[in-house]
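# Per-entry structural report
If you want the building blocks of each chain, they are given just below.
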Amino acid sequence: SSGINAECGKQWYQRRVRGEADITKERIQMILNAGANVILTTGGIDDMCLKYFVDSGAMAVRRCKKEDLKRIARATGASFVASLTNLEGEESFDAAFLGAAEEISQTRICDDELILIKGTKVKPAASIILRGANDMYVDEMDRSVHDSLCAVKRVIESKKVVPGGGCVEAALSIYLENFATSLGSREQLAIAEFAQAMLVIPKTLVVNAAKDSTELVAKLRAFHNASQTIEAKKNFKWIGLDLEHGKCRDNKEAGVLEPEMSKVKSLKFATEAAITILRIDDMIKIYQPSKEDPNSYANAVAQGRL
């Protein structure tokens, strides 16, 4: 009796495995029949499933990052499919989910195997491969490239640029100082201090470059004062710091530019932070209760009980 039960259990298990294999084969064949020859997935792919792809001449890549798949989908025109189930509750795969690219190949770079996708259909895409002597150099290069791409992104978003190298801060400082002298109230002091605070950025830039901040910032202020007071020297408004040679130059001509959005936001956030601190006009301190014994000898003498 036990032998018969064991045999029946073994046959049931084999039928179940064959059934699961048939269902998996139908799903794979459904994707292949739609015209797919490269399949990318975030999960794993069993060796049995890989055999079906290999027999059909298709490439299957497993354990891809979800962010990478979304970028590939945008570039190739493919759709990120989470399930094969449609609205009717049946499994199907439409050819409209597929994207297109001219070439997809596996290339070995250093110690890593990379999948390169070239000639995407919908949007042009590019990958930057960084090489360095060690991980520290590569990490530093990665941060530099990331900062550069973020700066380009801000420029595209704001669609405007301003000269860098402390040019904007020096111009604002001169303008606000002249504007403060036109006021006859206590607001003059606040505006004058705000104008003085604008010089912190160019001073910090000069100090970080190991230059004389007093001399360079004074020259920079002189240029911008002339640009705002003398019509013939109006072009001096583009003058900023050249920290490589320790002098002032036309940063617009030199190509030292910054996104307008980043400059405006940094000034707004700094101003709001200062206002928040200035609004704190009172401070409440909570003193811990004394833990002295009221019946001690010192307290009894002080109270006249002894």
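Look above for the structure.
The model shown is predicted, which means the values in this text are computed figures rather than measured ones.

### Considerations on the overall build of the protein chain
Within the protein chain, the secondary structure is distributed over 11 helices and 8 strands. Its C-alpha atoms give the protein chain a radius of gyration of 35 Å, more than 25% over the compact-globule value 19 Å for 306 residues. Projecting the C-alpha coordinates of the protein chain onto the three principal axes gives extents of approximately 100 × 90 × 45 Å. The 306 residues of the protein chain split such that 20% are buried.

### A word on the environment of H245
The topology assignment puts H245 in the loop between β6 (239-242) and β7 (247-250). Given a relative accessible area of 56%, H245 falls into the exposed group. Considering only alpha carbons, one finds H245 and A209, 36 residues apart in sequence, at a separation of 9.9 Å. Among the polar contacts made by the side chain of H245, one reaches the side chain of D242 at a distance of 3.0 Å.

### Quick notes on unusual backbone geometry
Of all residues except glycine, most have a negative phi; of all peptide bonds, most are trans. Even without being glycine, R63 reaches a positive phi, approximately 55°. With respect to the element layout, R63 can be found in the loop between β2 (59-61) and α3 (66-76). Using a relative accessible area of 61% as the deciding quantity, one classes R63 as exposed. One non-glycine residue, K159, adopts positive backbone phi at about 60°. One can find K159 in the loop between α4 (135-158) and β5 (161-163). For K159, a relative accessible area of 73% gives the class exposed.

### Some points on the pattern of salt bridges
Inspection of every chain in the model, using the stated rule, returns 10 salt bridges. Residue E169 pairs with K263 through a salt bridge whose shortest N-O separation is 2.7 Å. Remark: K263 occurs in helix α10 (residues 260-278) and E169 occurs in helix α5 (residues 167-180); sequence separation between them is 94 residues. Residue classification places E169 among the buried residues on the basis of a relative accessible area of 1%. Judged by relative accessible area, K263 falls into the buried class, the value being 11%. Through salt bridges with shared partners, a single ionic network connects E169, E258 and K263.

### Regarding the packing of aromatic side chains
Across all of its chains, the model carries 2 aromatic pairs by this definition. Ring centres 5.5 Å apart and planes at 75° place the aromatic pair F93 and F97 in the edge-to-face group. Residue F93 is classed as buried on the basis of its relative accessible area of 16%. Judged by its relative accessible area of 31%, F97 is partly exposed. Summarising the aromatic geometry, the rings of F223 and F236 are spaced 5.3 Å apart at their centres and angled 85° between planes, so their arrangement reads as edge-to-face. Of this pair, F223 sits in helix α8 (residues 213-229) while F236 sits in the loop between α8 and β6, and the two are 13 residues apart along the sequence. Here K252 stacks its cationic end above the ring of W238, 4.4 Å away from the centre of that ring.

### Observations concerning the pairing of β7
Bridging between β6 and β7 involves 4 bridges; their strand directions are antiparallel. Each residue of the ladder has a partner; that of G240, found in β7, is R249. As consecutive antiparallel partners, β6 and β7 are separated by 4 residues, and within that stretch G246 has a phi angle of approximately 70°, a positive value.

### Overview of the side chain of S213
With respect to the element layout, S213 can be found in helix α8. Not counting residues within four places of it along the chain, the set of residues in contact with S213 comprises K203, V206 and V207.

### Description of the layout of surface pockets
Within this model, the largest pocket holds a volume of roughly 1,800 Å³. In terms of lining residues, the largest pocket is bounded by 41 residues, among which D68, R71, A126, S127 and I128 are the most central. Secondary structure elements with two or more residues in the lining of the largest pocket: α3, β4 (112-120) and α4. By residue class, the composition of the lining of the largest pocket is 21 nonpolar, 5 polar and 15 charged. Quantified by volume, the second largest pocket comes out at close to 1,200 Å³. Along the wall of the second largest pocket there are 39 residues; nearest its centre are I31, V38, I39, L40 and T41. Here the residues of the lining of the second largest pocket are counted per class, giving 24 nonpolar, 10 polar and 5 charged.

### So, the nonpolar core
Counting residues in hydrophobic clusters, the biggest one holds 13 residues, and the most contacted among them are I28, I31, L32, I39, F53, A58 and F93. Within the residue set of this core, elements represented by two or more residues are α1 (2-33) and α2 (47-55). The contacts of I39, once residues within four sequence positions are left out, are I31, L32, F53, A58, M59, A60 and V61. One finds L216, V217, I239 and L241 within the second-largest nonpolar core, a separate group that totals 9 residues.

Cut-off values and rules
Residues numbered from 1 in each chain as written. Predicted model: local features only at pLDDT ≥ 70, side-chain atom pairs only at ≥ 80, totals over all residues. Heavy atoms only, no water. Helix = DSSP H or I, 4+ residues; strand = E, 2+ residues; numbered from the N terminus. Rg over C-alpha atoms; globule rule 2.2 N^0.38 Å. Buried < 20%, exposed > 50% of the residue type's maximum accessible area, 1.4 Å probe, protein only. Polar contact = N/O pair within 3.5 Å; in protein donor to acceptor, adjacent residues only side chain to side chain. Salt bridge = Lys/Arg side-chain N within 4 Å of Asp/Glu carboxyl O. Phe/Tyr/Trp six-rings, centres within 6.5 Å; stacked < 30°, edge-to-face > 60°. Lys NZ or Arg CZ within 6 Å of the ring centre and 35° of its normal. Pairing = 2+ DSSP bridges. Contact = heavy atoms within 4.5 Å. 1 Å grid on protein atoms, 1.4 Å probe; cavity = no way out; pocket = protein on both sides within 12 Å on 5 of 7 lines; lining within 4 Å. Points joined across faces, edges and corners; volume = space filled by probe spheres on them. Nonpolar A, V, L, I, M, F, W, Y, C, P; charged D, E, K, R; others polar. Core = buried A, V, L, I, M, F, W, Y, C linked by side-chain atoms within 4.5 Å.

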